[in-house]
Amino acid sequence: MIELQGTQPLRQRTGVLFVLVLVGHLLLISAQVQSGAGVPVLEAVTFGLFSRVQLALAAVVDVGRNGWGNYVGLRGARAENEILKRQLADLEVRMQEQRALVARTGQLQQLLDLQQRTSVPTIAAEVIAGNPNPGILSVTVNRGSRDGVTTDMAVISPKGIVGRVVGRPAAHAARVQLLIDPAAAAAARIERSRAGGMVAGVDADPPLQLQLVSNLADVIAGDTVVSSGTDGVYPAGFAIGTVEKSERGPGLYRAITVRPVVDFSSIEEVLIVLIPARPASPRPESAALPVERAK
Amino acid sequence: MKVAGVIVALLVALALQSTIAGLRIGGTTAVNLVLVVVVYGALSFGAAGGLVIGTVGGLFQDALAGGIIGIGGFAKTLVGFLVGWLGAQFIVSQPLSRFVMFVAATILHEACTQALYAVVESRGFRLPYSVTLTQALVNALVGVVAFQFVERGPQVLARRRARSGSLGRRHF
């Protein structure tokens, strides 16, 4: 036997040659065999492999093209972004304006409804200013003596009693003392038990107290407090607030705190009741009861 | 000289194989002379020689057979390389070891051929064991005899010549 193989490189070359020859045979066989689709296997395999290469190449090209396109697109994106941000800010401001307009329209609609529902003559007024003095809780409305407004006229809102006109009204403006002012008060009663008393503003939370109510009276938390009309200023039956706490007092009267129904921090439109104040009446029950309609 | 002998043997084997193609057992020829030459060459010249002889012989046999060219070439290349590599790893100078090598090579060749046909024709793998074993035994027998003839034939001829020469000089 002749030993042809001897060194390691020779064996490696023989192995490589062996693999190459086998691959060559496979290619030769594939070239003669038809695949299921009638295409030569060699062609099918070649096309399949080459299509993979094409796919990979196309993916690489796409990445490059997209990357370049994104880069070019980004060049103008910053300026466009700034413009869009400004437009967005403008639109947000407009949207806020529209939203405020809608809210104001709703408030005016409520005011108009109240004006149509109530039996007393009223005139709509817009709050045009607050009070610069923090110790006095009052606002200024755009209706004055030219509109028939006089001192002590009641001021109401769709939710309930707001206050009364104080001081001498100007021709086109008047000052309204809010009911939560510590110097303000209104005749009131418990709607459920009809227990009478006087609501007065206090410098506390809640800012209203129902005073002069007997310890024997039936008053519980959650009761609705309405105007009784006996003070000659506020028409009877308008909502004032809700009893938050009712306790037996140390003397003759109960200690009752009332949460007002009107949000005094956001009064914009009100109705001024065009009925001049009259002397206080001892029979509050004789007054009208529009509270349900006002609600 | 030996290479030329292998080439001649290969050509003779191809000619004889095509001549005795009618001798079949169960659809397969009872002997594969080309394969015998490939194994013989691989055992004689190693893996590289087996590789070349297997490739050439297989391709020629495929071409003559008229089927798919490459299947026989693949199988014989594989067999030639492996037999040559094994022949370099183990001592296969004895008739029995050569016989075993021929049998194993034939079975491997048939299995490889059937596997390739199964792939190409998209059918299941079928190996006719009895026919394959018969062909393996015949191939092994032919191969071992060929080895014996090639290795010991010249010596036998020389002895016979020497014997006939000495007898011729005797005078009774």
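Residues numbered from 1 in each chain as written. Chains lettered and ligands numbered in written order. Predicted model: local features only at pLDDT ≥ 70, side-chain atom pairs only at ≥ 80, totals over all residues. Heavy atoms only, no water.

Here the focus is the overall build of chain B. Of the regular secondary structure elements, chain B holds five helices and two strands. Helices and strands in chain B line up, N terminus first, as α-β-β-α-α-α-α. The burial tally for chain B puts 45% of its 172 residues in the buried class. Partitioning the contacts of chain B with sequence separation of at least 6, the portion at a separation of at least 24 is 66%. For chain B, the computed accessible surface area is about 9100 Å², with 71% contributed by carbon and sulfur atoms. (Helix = DSSP H or I, 4+ residues; strand = E, 2+ residues; numbered from the N terminus. Buried < 20%, exposed > 50% of the residue type's maximum accessible area, 1.4 Å probe, protein only. Contact = heavy atoms within 4.5 Å. Areas by Shrake-Rupley, 256 points an atom, 1.4 Å probe, with all protein chains shown as cover.)

As a further point, take a nonpolar patch on the surface. Residue and element names in this part refer to chain A. A contiguous nonpolar patch, built from Val19, Val23 and Leu27 and spanning about 240 Å² of accessible area, is present on the exposed surface. Mapped onto the secondary structure, Leu27 falls in helix α1 (residues 8-32). Since its relative accessible area comes to 44%, Leu27 is described here as partly exposed. (Patch = residues over 30% accessible without salt bridge, like charges linked within 9 Å, V, L, I, M, F, W, Y side chains within 5 Å. Salt bridge = Lys/Arg side-chain N within 4 Å of Asp/Glu carboxyl O.)

The next point concerns the packing of helix α2 (residues 33-65) of chain B against helix α4 (residues 95-120) of chain B. All names here are of chain B. Axis separation between α2 and α4 bottoms out at 10 Å; the angle between their running directions is 125 degrees. The angle between α2 and α4 places the two elements in the oblique class. In the crossing of α2 with α4, the sense of the turn from one axis to the other is right-handed. Mapping the contact onto sequence places Leu35, Val36, Val39, Tyr40 and Leu43 in α2 and Arg98, Met101, Phe102, Ala105, Thr106 and His109 in α4. (Axes fitted to C-alpha atoms, helices over the stretch in contact; angles between N-to-C directions. Parallel < 35°, antiparallel > 145°, perpendicular 65-115°, else oblique. Left-handed = near helix turned anticlockwise from the far one by under 90°.)

Let us now look at the confidence of the model for chain A. Reading predicted coordinates in detail is not appropriate for stretches of low pLDDT. Residue and element names in this part refer to chain A. Per-residue pLDDT for chain A has a mean of 83; in total, 85% of the residues score no lower than 70. For chain A, the element scoring lowest by mean pLDDT is helix α3 (residues 291-294), at 40; strand β11 (residues 255-260) scores highest, at 95. Counted against residues more than four places away or in other chains, residues 1-5, with its pLDDT under 50, gives 17 contacts. Segment residues 283-295 is flagged for pLDDT under 50; beyond a separation of four residues in sequence, or across chains, it makes 30 contacts in the model. (pLDDT = per-residue confidence, 0-100.)

Residue and element names in this part refer to chain B. Closest axis-to-axis distance for the α2/helix α3 (residues 71-89) pair is 7 Å, and the angle between their directions is 175 degrees. Taken together, α2 and α3 sit at an angle that is classed as roughly antiparallel. Partitioning the contact of α2 with α3 into residue classes produces 14 nonpolar, 13 polar and two charged. (Nonpolar A, V, L, I, M, F, W, Y, C, P; charged D, E, K, R; others polar.)

We now examine the confidence of the model for chain B. Residue and element names in this part refer to chain B. Looking at chain B as a whole, its pLDDT mean stands at 84, while 88% of the residues score no less than 70. Averaged over each element, pLDDT in chain B is lowest for strand β1 (residues 24-25) (55) and highest for α3 (92). As scored by the predictor, the complex reaches a pTM of 0.44 and an ipTM of 0.77.

Let's shift gears to the interface of chain A and chain B. With 16 residues of chain A at the contact, the number on the chain B side is 27 residues. For the pairing of chain A and chain B, the buried interface totals around 1800 Å² over both sides, and the portion due to carbon and sulfur atoms is 76%. If you look at where chain A meets chain B, you find zero salt bridges. Joining chain A to chain B, the criterion identifies one residue pair in polar contact (both at pLDDT 80 or more). Classifying every residue of the side of chain A that touches chain B gives 11 nonpolar, five polar and no charged. (Buried area = accessible area lost by both parts, 1.4 Å probe. Polar contact = N/O pair within 3.5 Å; in protein donor to acceptor, adjacent residues only side chain to side chain.)

Next up on the list: a positive patch on the surface. Residues and elements named next belong to chain B. Together, Arg152, Arg159, Arg160 and Arg163 give the surface a local cluster of positive charge. Take Arg163: it is sitting in helix α5 (residues 129-169). You can call Arg163 exposed: its relative accessible area is 57%. (Lys, Arg positive; Asp, Glu negative; His and termini not counted. Charge placed at Lys NZ, Arg CZ, Asp CG, Glu CD.)

Strands sit in the order β1-β2-β5-β4-β3-β12 (chain A) around a closed barrel of six strands; the barrel is antiparallel. Ignoring which end each strand starts from, the neighbouring axes of this sheet average 45 degrees apart. (Pairing = 2+ DSSP bridges.)

All names here are of chain A. With antiparallel pairing, six strands are arranged side by side around a closed barrel as β6-β7-β8-β11-β10-β9. For this sheet the average axis-to-axis angle between neighbouring strands, irrespective of direction, equals 40 degrees. With three bridges connecting them, strand β8 (residues 208-211) and β11 associate as antiparallel partners. Within β11, the residue paired with Gln209 across the bridge is Thr257.

Let's shift gears to the nonpolar core. Side chains of nonpolar character tend, in soluble globular proteins, to be buried together. Counting 46 residues, the largest nonpolar core has Leu179, Leu210, Val225 and Ile272 of chain A as its most contacted members. Here the element with the most residues in this core is strand β12 (residues 269-273) of chain A; it accounts for four residues. (Core = buried A, V, L, I, M, F, W, Y, C linked by side-chain atoms within 4.5 Å.)

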